[in-house]
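# Structural characterization, general
The chain contents come next:
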Amino acid sequence: DAGVTQSPTHLIKTRGQQVTLRCSPKSGHDTVSWYQQALGQGPQFIFQYYEEEERQRGNFPDRFSGHQFPNYSSELNVNALLLGDSALYLCASSSDQQETQYFGPGTRLLVL
Amino acid sequence: AQSVAQPEDQVNVAEGNPLTVKCTYSVSGNPYLFWYVQYPNRGLQFLLKYITGDNLVKGSYGFEAEFNKSQTSFHLKKPSALVSDSALYFCAVRGYGNNRLAFGKGNQVVVIP
């Protein structure tokens, strides 16, 4: 049983560019959450998707957007990249009936 | 609002000694509490959770945590630390009906051989 998978593992972009990160949830999970983890910090909640809708959003600007597909996989899009967007982006999946979020290995984004 | 405080940046312990990593939380209503561990260049790995029931919860790899409602704490413990327990540990909380996990800043645990 595959766990949460994310792609790519690493990414380098320049300021002003756009990036798309991808996440496949653990088998049987229908809910996907995205977190940003800056260096030396704990993860910060970006948003959560359930039934292809954004269900809850953290304190992130509109440059951060997402999508969930019918197979429950998800994408995180970031437009107009800033140097401060450099971080590890973590995807977590869960079942709407369970409390535990299981995390993927993350995508490390570097903005130059 | 919901938040977590992990007051120590780093915890050093000798191999074989008891390990404690401290966490206090703030949340409206009953808390859902979690501990995760992160190894270098890896995602977060779930260790254990408290939702309801016994205040002492047992998790993976010999870890346990004690929920104390009056002190709003959820400290992680292991009776005998291993060198392989050296990692970054995160406490997280969410309130009932809230889907967002709020994390502490993490504690680096160093187990000395």
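Heads up: these notes are all about the structure in this document. Note that this is a predicted model, so its numbers are computed, not measured. (Residues numbered from 1 in each chain as written. Chains lettered and ligands numbered in written order. Predicted model: local features only at pLDDT ≥ 70, side-chain atom pairs only at ≥ 80, totals over all residues. Heavy atoms only, no water.)

## Some thoughts on the overall build of chain B
The helix and strand tally for chain B stands at zero helices and 12 strands. When the helices and strands of chain B are read in sequence order from the N terminus, they spell out β-β-β-β-β-β-β-β-β-β-β-β. In terms of overall dimensions, chain B is globule-like: its C-alpha atoms have a radius of gyration of 13 Å, near the 13 Å expected for 113 residues. Its C-alpha atoms give chain B principal-axis dimensions of roughly 45 × 30 × 20 Å. Out of the 113 residues in chain B, the part that is buried amounts to 48%. Taking contacts inside chain B between residues at least 6 apart in sequence as the whole, the part at least 24 apart equals 57%. (Helix = DSSP H or I, 4+ residues; strand = E, 2+ residues; numbered from the N terminus. Rg over C-alpha atoms; globule rule 2.2 N^0.38 Å. Buried < 20%, exposed > 50% of the residue type's maximum accessible area, 1.4 Å probe, protein only. Contact = heavy atoms within 4.5 Å.)

## Quick look at the pairing of strand β11 (residues 107-111) of chain A
Residue and element names in this part refer to chain A. Of the two faces of β11, only one is covered, namely that formed by T107, L109 and V111; the face formed by R108 and L110 stays uncovered. For strand β2 (residues 10-13) and β11, the ladder comprises four bridges, and the chain directions are parallel. Across the sheet, residue I12 finds its bridge partner in β11, namely L110. In this structure, strand β9 (residues 87-94) lies alongside β11, joined through three bridges in antiparallel fashion. (Pairing = 2+ DSSP bridges.)

## Things to note about the nonpolar core
L19, W35, L47, L48, F74, L76 and Y89 of chain B are the most contacted members of the largest nonpolar core, which has 28 residues in total. The greatest single-element share of this core, amounting to four residues, is contributed by strand β10 (residues 87-95) of chain B. When sequence neighbours within four positions are dropped, the list of residues in contact with L76 of chain B reads L19, T20, V21, W35, L47, L48, F63, E64, A65 and Y89 of chain B. In this structure, I46, Y49, Y89 and V111 of chain A belong to the second largest nonpolar core, which totals 19 residues. (Core = buried A, V, L, I, M, F, W, Y, C linked by side-chain atoms within 4.5 Å.)

## Description of the state of the cysteines
Working definition of a disulfide: a covalent bond connecting the sulfur atoms of two cysteines. Residue and element names in this part refer to chain A. Scanning the model with the defined rule gives two disulfides over all chains in all. Paired through a disulfide, C23 and C91 show a sulfur-sulfur distance of 1.8 Å. Where C23 bonds to C91 through sulfur, the torsion about that S-S bond is close to -55 degrees, and the disulfide is left-handed. One end of the pair, C23, is in strand β3 (residues 19-24); the other, C91, is in strand β9, and 68 residues separate them in sequence. (Disulfide = S-S within 2.5 Å.)

## Some words on the interface of chain A and chain B
Across the boundary between the two partners, chain A contributes 20 residues, which contact 20 residues of chain B. Buried surface at the junction of chain A and chain B, both sides included, amounts to about 1,600 Å², of which 51% is carbon and sulfur. When the buried surface of chain A facing chain B is broken down by residue, Q56, E99 and F103 of chain A rank first, second and third, together holding 32% of it. Along the contact surface separating chain A from chain B lie nine residue pairs in polar contact (both at pLDDT 80 or more). Its residues assigned to classes, the side of chain A that touches chain B shows eight nonpolar, nine polar and three charged. (Buried area = accessible area lost by both parts, 1.4 Å probe. Polar contact = N/O pair within 3.5 Å; in protein donor to acceptor, adjacent residues only side chain to side chain. Nonpolar A, V, L, I, M, F, W, Y, C, P; charged D, E, K, R; others polar.)

## A short note on the sheet that holds strand β8 (residues 74-78) of chain A
All names here are of chain A. Spatially, β1-β3-β8-β7 is the arrangement adopted by the four strands of the open sheet, whose pairing is antiparallel. In the strand order of this sheet, the two ends are held by β1 (5-7) and β7 (64-68), each with one partner. Each neighbouring strand pair of the sheet contributes to a mean axis angle of 20 degrees, computed without reference to strand direction. Relative to β8, β3 runs antiparallel, the two sharing five bridges. Each bridged residue has a counterpart across the sheet, and for L21 the counterpart in β8 is L76. (Axes fitted to C-alpha atoms, helices over the stretch in contact; angles between N-to-C directions.)

## As for the packing of aromatic side chains
Going through the model one piece at a time under the given rule, you end up with 16 aromatic pairs over all chains. Relative to F67 of chain B, the ring of Y50 of chain B has its centre 4.1 Å away and its plane inclined at 20 degrees; by these criteria the two rings are stacked. In this pair, Y50 of chain B sits in strand β6 (residues 44-50) while F67 of chain B sits in strand β8 (residues 64-68), placing the two residues 17 residues apart along the sequence. Across this residue pair, the class does not change: Y50 of chain B and F67 of chain B are buried. For the pair F63 of chain B and Y89 of chain B, a centre-to-centre distance of 5.6 Å together with 45 degrees between the ring planes defines the contact as tilted. Within this pair, whereas F63 of chain B is found in the loop between β7 (56-58) and β8, its partner Y89 of chain B is found in strand β10, the two being separated by 26 residues in sequence. Per residue, the accessibility class of F63 of chain B equals that of Y89 of chain B, and both read buried. An aromatic cluster of at least three residues, connected via ring pairs, comprises Y35, F45, Y102 and F103 of chain A together with F34, Y36, F46, F90 and F103 of chain B. Over the face of the ring belonging to Y102 of chain A we find K26 of chain A, whose NZ or CZ atom lies 5.6 Å from the ring centre. (Phe/Tyr/Trp six-rings, centres within 6.5 Å; stacked < 30°, edge-to-face > 60°. Lys NZ or Arg CZ within 6 Å of the ring centre and 35° of its normal.)

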